[in-house]
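# Breakdown of the fold
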Amino acid sequence: AGLWTVFTLGGVGSKAAPQLEHCSPLANQSLLLLLVLANLTDAPDTPNPYRQAIMSFKNTQDSTAFSSSNPHAFQINFNSLYTALSEQQKSDQATLLLYMLLHQNGNVRTYVLARTDIENLV
């Protein structure tokens, strides 16, 4: 029962604002699932594939060639990601995702630091 209350946002931490929960509950639950999966511990012989994907995805607008040598590599539009994270900074989950991306993905960190409107995140 205790684990279920954590998954339903009744556990530790603050609840998301009611207007954020009701506007897109599927997106909210998906973000929570992504955060849980990306923060699972690595197995002794296999690294966490979700964490590997978070650490290595690239910008679709990047001019360098996309290498498919990493099985977890994918591309995403960083401008759309930046806009979405900027708009959702009242949510603890979005702030945690931004923190994780800035610390674990050098491509996202470089993109955010190159932006001229970084005060939107602050």
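Residues numbered from 1 in each chain as written. Predicted model: local features only at pLDDT ≥ 70, side-chain atom pairs only at ≥ 80, totals over all residues. Heavy atoms only, no water.

### Some words on the packing of helix α5 (residues 78-87) against helix α7 (residues 106-114)
Two elements in contact, α5 and α7, have axes whose closest approach is 11 Å; the angle formed by their N-to-C orientations is 75 degrees. By the angle between their axes, α5 is roughly perpendicular relative to α7. Judged by residue contacts, Phe78, Asn79 and Tyr82 of α5 engage Asn107, Val108, Tyr111 and Val112 from α7. Per-class residue counts for the contact of α5 with α7 are five nonpolar, two polar and no charged. (Axes fitted to C-alpha atoms, helices over the stretch in contact; angles between N-to-C directions. Helix = DSSP H or I, 4+ residues; strand = E, 2+ residues; numbered from the N terminus. Parallel < 35°, antiparallel > 145°, perpendicular 65-115°, else oblique. Contact = heavy atoms within 4.5 Å. Nonpolar A, V, L, I, M, F, W, Y, C, P; charged D, E, K, R; others polar.)

### Structural notes on the environment of Leu101
Here Leu101 shows up in helix α6 (residues 92-104). Given a relative accessible area of 2%, Leu101 falls into the buried group. Residues Leu101 and Ile54, spaced 47 residues apart in sequence, show a C-alpha to C-alpha distance of 7.0 Å. Non-local contacts of Leu101, meaning those with residues more than four positions away in its chain, are made with Ile54, Phe57, Leu81, Leu85 and Val108. (Buried < 20%, exposed > 50% of the residue type's maximum accessible area, 1.4 Å probe, protein only.)

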